[in-house]
Amino acid sequence: TDPTLTETWAFTGSAISIGTGVDDTTIGGTTVADANVIRNGAAGGVVLTAAAGSGNSIVGNSIVANTGVGIDLSGGVENPAGVTANDAGDGDSGPNDLLNRPSLSGSVETAPGSLTTTVDLDVPAGSYRIEVFRAAASGLLDDSGAGEGEVLLGSGSAVHAGSGSERFTIVHPGAAGDLISATVTIDLGAGDLGSTSEFSRARPVLGATEIAVNDTGDATDLVPGDGLCDTGGFNADGEAACTLRAAIDEVNGAGGIDTIRFDVPTADTNHGSGVWTIAPASGLASITEPVTIDATTQPGWTAGAGTPVVELDGTGAGATADGLAIGATGVTVRGLAIGSFGRDGVSVGGGATSGTVIAGNHLGLDTSGLIGRGNGRHGVLLGPGAASVVVGGSGSADGNVLSGNGGAGVRVLSSDGNTLIGNLIGTDATGLASLANVGDGVSLSGTTAGNLVGQVGSGNVIAGNGGDGIESDASGAGTIIRANTIGLGVDGATIVANTGSGIVLGNGANTTTVG
């Protein structure tokens with residue numbers, strides 16, 4: 001780039017290449033005046049070729065907007081080009097001795113403008129300099145998801161015993177929402193630096209009340225309620241592992257966590273074709289504290305597509321397992337595909353009396369919304385005592401697809417004041433083809449009162465079901481059924497018939513309004 005950073009001067013190769021036998025080169029330095037701006041390399045930012053030597057330090061620079069990897073130690077047995085996988089004990093050789101890159105196990109805004117970043121290192125014994133950067137906007141990251149380093153946020157020293165992965169913390173400027181990355185460089189003492197690693201995977205900074213699922217495994221949390229989601233193991237990128245089970249444990253431990261995000265690396269063993277699959281071996285714990293579980297935060301989810309990229313697969317969870325069980329107020333579940341559980345995709349019980357929202361999910365289908373992954377009973381069960389739950393919403397990304405289940409799409413049983421709007425119930429995600437729930441699209445029964453099924457501008461498409469579109473024998477009063485498309489596709493023209501009737505009111509469905 002030009003000195004004003006306003007013009008792009010692109011390189012056809014890497015921005016900087018360190019070649020055969022080159023040792024002890026310094027690129028940048030520890031003062032602001034030493035820093036280089038390294039941009040627009042077509043084959044990477046700083047590339048050490050396979051025969052490059054060691055002791056090459058790359059510190060303090062702004063490395064961003066390069067095609068390929070920001071710092072590339074090429075030629076290793078783990079990966080000849082691109083991000084080099086870490087090896088246990090870091091005993092391999094190659095350019096810069098293929099120094100293992102750091103793993104970021106979390107970065108939290110602990111005070112306004114101040115971050116505490118946790119770094120795991122598996123390197124030989126010695127002293128090291130860790131640099132933490134604000135990585136580029138996500139559109140400028142390389143294809144691997146590894147970070148570059150646009151702005152140096154801070155640095156810290158670490159003395160490693162050489163005993164495997166060891167953990168260090170660095171306090172530095174920054175804010176929640178930043179995307180950060182890190183490098184590690186050997187500190188030789190007396191102001192001299194040695195080999196520098198590649199960049200870590202870029203990770204978002206979390207708010208003080210947020211945790212991020214970064215592993216599709218099924219391990220539990222070590223210390224529920226301590227504010228940290230940590231199973232004691234490591235994920236595919238060497239970071240402290242946080243599974244969905246552990247995250248729910250942590251929320252239920254009443255440690256003040258109110259948001260579960262997702263940030264699972266592409267190297268995870270249960271990732272394929274852009275989908276991360278979580279397959280619990282038994283039912284997850286019922287959620288007993290307010291929390292937002294938001295799988296739309298997983299890198300790879302796009303608002304334009306709107307389809308989930310994280311799937312909960314209940315095949316091995318047992319016949320009595322629900323996908324998610326909710327027993328608290330103020331719980332939001334968004335952006336998941338939940339299927340193949342023995343009972344309900346989402347079961348909402350008596351503790352959920354207000355503020356619970358189930359939006360933007362596939363319940364009984366895969367992530368594409370075209371293939372059935374039916375739950376044994378219902379897509380969503382609003383059970384006795386649950387009240388004022390919203391299933392769907394009026395926004396373009398709020399509607400659920402509730403299809404393919406063994407019972408109803410939505411079963412409302414002795415549950416009052418709920419809102420069901422903007423959903424596809426009984427069709428696939430196109431809204432034009434049947435993917436039938438075996439039972440009714442919507443079933444209301446028991447002492448159920450004051451429910452709203454559809455509203456002007458946000459009606460449900462209820463079509464293709466094995467029973468009735470809507471069936472109510474609820475003894476409560478005041479249910480409103482309005483502005484739904486029943487027996488037709490989302491276009492209002494394609495016939496997608498329910499096997500039974502469109503709407504059935506019977507056995508005491510009092511003061512129900514239709515239309």
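Residues numbered from 1 in each chain as written. Predicted model: local features only at pLDDT ≥ 70, side-chain atom pairs only at ≥ 80, totals over all residues. Heavy atoms only, no water.

Colleague: Help me out: how do you make sense of the overall build of the protein chain in this one?
Modeller: A count of helical and extended segments in the protein chain gives one helix and 41 strands. At 26 Å, the protein chain has a C-alpha radius of gyration in line with the 24 Å of a compact globule built from 515 residues. Structurally, the protein chain occupies a C-alpha span of about 85 × 45 × 40 Å along its principal axes. Counting every position in the protein chain, which comprises 515 residues, the buried fraction comes to 53%. Counting only contacts in the protein chain whose residues sit at least 6 apart along the sequence, the fraction spanning at least 24 positions is 76%. Within the structure as shown, the protein chain displays about 18,300 Å² of accessible surface, and the carbon and sulfur contribution to it stands at 54%. Between the averaged position of the 15 positive side-chain charges in the protein chain and that of its 52 negative side-chain charges there is a distance of 8 Å. (Helix = DSSP H or I, 4+ residues; strand = E, 2+ residues; numbered from the N terminus. Rg over C-alpha atoms; globule rule 2.2 N^0.38 Å. Buried < 20%, exposed > 50% of the residue type's maximum accessible area, 1.4 Å probe, protein only. Contact = heavy atoms within 4.5 Å. Areas by Shrake-Rupley, 256 points an atom, 1.4 Å probe, with all protein chains shown as cover. Lys, Arg positive; Asp, Glu negative; His and termini not counted. Charge placed at Lys NZ, Arg CZ, Asp CG, Glu CD.)

Colleague: Just to check I follow, could you spell out the pairing of strand 23 (residues 331–334) for this structure?
Modeller: Two faces make up the sheet, and in a regular strand the side chains alternate between them. By the bridge criterion, four bridges tie strand 20 (residues 291–294) to strand 23 in an arrangement that is parallel. Paired with D294 across the strands is R334, a residue of strand 23. One ladder, built from three bridges, connects strand 23 with strand 26 (residues 357–359); its direction is parallel. In the strand pairing of strand 26, R334 is matched with A359. (Pairing = 2+ DSSP bridges.)

Colleague: Looking at this structure, I do not really get the state of the cysteines. What am I missing?
Modeller: As used in these notes, a disulfide is a covalent bond between sulfur atoms, one from each of two cysteines. Summed over all chains, the structure comprises one disulfide. Between the sulfur of C229 and that of C242 lies a disulfide, 2.0 Å long from S to S. Across the disulfide from C229 to C242, rotation about the S-S bond amounts to roughly 90°, and the bridge is consequently right-handed. With C229 in the loop between strand 16 (210–213) and helix 1 (244–252) and C242 in the loop between strand 16 and helix 1, this pair connects stretches of sequence that are 13 residues apart. By relative accessible area, which is 12% here, C229 ends up buried. (Disulfide = S-S within 2.5 Å.)

Colleague: Explain the pattern of salt bridges to me, please; I cannot follow it from the model alone.
Modeller: Pairs may arise between side chains of opposite charge once their charged atoms sit close together. Using the criterion set out here, one finds 15 salt bridges in the structure. One salt bridge in this structure joins R134 and D178, with 3.5 Å as the shortest N-O distance. Highlighted residues: R134 in strand 10 (residues 126–134) and D178 in the loop between strand 12 (166–173) and strand 13 (179–189), separated in sequence by 44 residues. For R134, a relative accessible area of 29% puts it in the partly exposed group. Taking the relative accessible area as the measure of exposure, D178 reaches 14% and is therefore buried. The network of salt bridges with shared partners includes R101, R201, R203, D237, E239 and D263. (Salt bridge = Lys/Arg side-chain N within 4 Å of Asp/Glu carboxyl O.)

From the geometry alone we can't say anything about function, so treat these as descriptive.
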